[in-house]
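Structure at a glance
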Amino acid sequence: METEWYKLDSAGKLYASTVSSRVSTVFRLSVSMYKSINPAFLQEALEETLEEISSFKVIVKRGVFWYYFEKTSTIPTVSEEHYYPCSNLFFRGRNTFPYRVLYYNKKISLELSHMLTDGTGGIEFLKLLISNYLKKEGVIVPCIRKKISDFNFDNAFFHHYEKMVPNWQDTLDKAYKLPLRLDKRGVYHVTTGKLEIKVLKNIAKQYQTSITTYLLALYVEILIDIQAQNSKTRKPITINVPVNLRNFFETNTLKNFFVSVPVTIDPRLGTYSFEDIIETISIELKRYLNDKQLKRLIARGVRGERNFLLRALPLFVKDWISPMVHARFGENLYTSSISNLGVISLEEELEKHVERFEFYPPPSIGNKIKAGVISYKDDMYITFGNLSNDRLVERMFFRKLVKEGVQIKIETNRSAY
């Protein structure tokens, strides 16, 4: 008998209790087509997609000890976008969907709470939605049902947790925080830079490093400069780098399956050249990005969830203490975040109808500015999400790339850039 409810995974449980008016836990995946969106076709495509990926056909429910998902026959309604991206989806005490589908002109946007899934799960859902939508438009698309049936809704953290593996033991100092003043509640400024992957790859090659390491180094160098200009004291610059565990452990889950890897440069140790920053980041990533070290991060998360005292606490107490714990042992340790979802590929029949993809990171009061990276065809799209009205970081980052010889097209929802 098919279950009528699902547990949240290890990451989803934490996200559910940290939601607030400033911390929505909602990220956005967008696709831009070459033709204007037909809302009726999009609604039909959503209904068909939810029949094929039924694990998304759920609402959030409040239990005594944890939030959980309950299956529903109700289908969310697609709506035209009219407000800032990544706004709150979840209001405690109400039965709400952990995602929404929006459209505007030629763009379809899927906004998801991290309670439900991560970027990989969201991409698979969006790709199927695109396929079903184009079918409504009369496009002959390949059958991908077999591939979709390969996915599951398992808690992969539990499957790859090993009791004998020790917890992650590294201790991090409180990181430098950008001196940014929060804008009004609900306001989320996004700025996207479009650039050619080939050009960026050639520049990274000159430094004998990868594109990801190069972008991290560029960002860290900017943050070091900002700290030097605005603060007499020095604190570590630590970037949160989400890592897709599916690249290291075999699973087909559509639930969350990632960990946060810290990359730290400490200006208190002296002056760093750009080459020094690249070398330090490369060493840090090499140290973490292997199955043995990642098992330690998995163990830390699962053991925290299985802690008897935590499990015994009623949900209203978890809702009270979780934001403080998340701040103390999570966001206070990071200056910012860069999440790279990699290159998105589509079947040839679909590619000719799809212009671009974008990824907006979830807003966070602890890290007021974050970056999301996604690539499609020959182009990369780097998007900064910012809860403040200050645009210094975005300007410095893209101007630095331009000085390196990268041509960038900038788009933003700000009134002026």
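Residues numbered from 1 in each chain as written. Predicted model: local features only at pLDDT ≥ 70, side-chain atom pairs only at ≥ 80, totals over all residues. Heavy atoms only, no water.

Here's the deal with the pattern of salt bridges
By the definition in use, this model includes 20 salt bridges. The shortest N-O distance in the salt bridge between Asp173 and Arg268 comes to 3.0 Å. Taken as a pair, Asp173 in the loop between helix 5 (156–159) and strand 8 (189–196) and Arg268 in the loop between strand 10 (258–265) and helix 8 (274–288) lie far apart in primary sequence, 95 residues in all. Given a relative accessible area of 46%, Arg268 falls into the partly exposed group. Arg356 is the salt-bridge partner of Glu411, the closest N and O atoms lying 3.1 Å from each other. Of this pair, Glu411 sits in strand 15 (residues 409–412) while Arg356 sits in strand 12 (residues 354–360); the two residues are 55 residues apart in sequence, bridging distant segments of the chain. (Salt bridge = Lys/Arg side-chain N within 4 Å of Asp/Glu carboxyl O. Helix = DSSP H or I, 4+ residues; strand = E, 2+ residues; numbered from the N terminus. Buried < 20%, exposed > 50% of the residue type's maximum accessible area, 1.4 Å probe, protein only.)

A few points about the packing of aromatic side chains
When we look at a pair of aromatic rings, we describe it by the centre distance and by the angle of the planes. Counted under the stated rule, the structure contains 19 aromatic pairs. One aromatic cluster is present, formed by Phe56, Phe97, Tyr99 and Phe125 through successive ring pairs. Geometry around Trp66 places Lys13 over its ring, the cationic atom sitting 4.5 Å from the centre. When the ring centre of Tyr288 is taken as reference, the NZ or CZ atom of Arg287 above it lies at 4.5 Å. (Phe/Tyr/Trp six-rings, centres within 6.5 Å; stacked < 30°, edge-to-face > 60°. Lys NZ or Arg CZ within 6 Å of the ring centre and 35° of its normal.)

Brief notes about the layout of surface pockets
Take a probe with the size of a water molecule and roll it over the atoms, and the empty space left behind shows itself. There is about 460 Å³ of room inside the second largest pocket. Lining the second largest pocket are 20 residues, and of these Tyr104, Lys107, Glu358, Tyr360 and Glu411 sit closest to its centre. Where the lining of the second largest pocket is concerned, the elements lending two or more residues are strand 2 (26–33), strand 8, strand 12 and strand 15. When residues in the lining of the second largest pocket are grouped by element, the largest group, four residues, is from strand 12. Here the residues of the lining of the second largest pocket are counted per class, giving seven nonpolar, five polar and eight charged. (1 Å grid on protein atoms, 1.4 Å probe; cavity = no way out; pocket = protein on both sides within 12 Å on 5 of 7 lines; lining within 4 Å. Points joined across faces, edges and corners; volume = space filled by probe spheres on them. Nonpolar A, V, L, I, M, F, W, Y, C, P; charged D, E, K, R; others polar.)

Focus on the sheet that holds strand 1 (residues 5–7)
Pairing is antiparallel in the open sheet, where three strands are placed in the order 1-4-3. Of all the strands in the sheet, just strand 1 and strand 3 (58–62) have a single pairing partner and so form its edges. Averaged over all neighbouring strand pairs, the angle between strand axes comes to 35 degrees, with direction disregarded. Relative to strand 4 (residues 67–71), strand 3 runs antiparallel, the two being bridged by five bridges. Considered in strand 4, the bridge of Val58 is made with Lys71. (Pairing = 2+ DSSP bridges. Axes fitted to C-alpha atoms, helices over the stretch in contact; angles between N-to-C directions.)

Here we look at the sheet that holds strand 6 (residues 99–104)
The five strands lie next to each other as 5-6-7-2-12, forming an open sheet whose pairing is mixed. The open sheet has two free edges, formed respectively by strand 5 (79–80) and strand 12, since each of these has just one partner strand. Inspection of the sheet shows strand 2 paired to strand 7 (residues 107–113) by seven bridges, in the antiparallel sense. Residue pairing in the sheet places Leu29 in a bridge with Leu110 of strand 7. Its contacts with the sheet place helix 2 (residues 39–52) against strand 6 and strand 7, and it is angled at close to 155 degrees to strand 6. With respect to the sheet, helix 3 (residues 119–136) is in contact with strand 2, strand 6, strand 7 and strand 12, its orientation differing from that of strand 2 by roughly 30 degrees. (Contact = heavy atoms within 4.5 Å.)

With respect to empty space enclosed by the protein
Under the counting rule described, the total for this entry stands at two cavities of 30 Å³ or more. Here the second largest cavity defines a volume of roughly 50 Å³. What lines the second largest cavity is simply Lys177, Leu178, Leu180, Thr335, Gly366, Asn367, Lys368 and Ile369. For the lining of the second largest cavity, a count of residues per class yields three nonpolar, three polar and two charged.

Examining the nonpolar core
Counting 73 residues, the largest nonpolar core has Leu42, Phe56, Ile298 and Phe357 as its most contacted members. Broken down by element, the residue count for this core peaks at eight residues, all from helix 3. Each residue touching Ile298, except ones within four places of it in the same chain, is listed here: Phe157, His160, Tyr161, Leu245, Phe249, Phe257 and Val259. (Core = buried A, V, L, I, M, F, W, Y, C linked by side-chain atoms within 4.5 Å.)

None of the figures reported here should be taken as evidence of function without further support.
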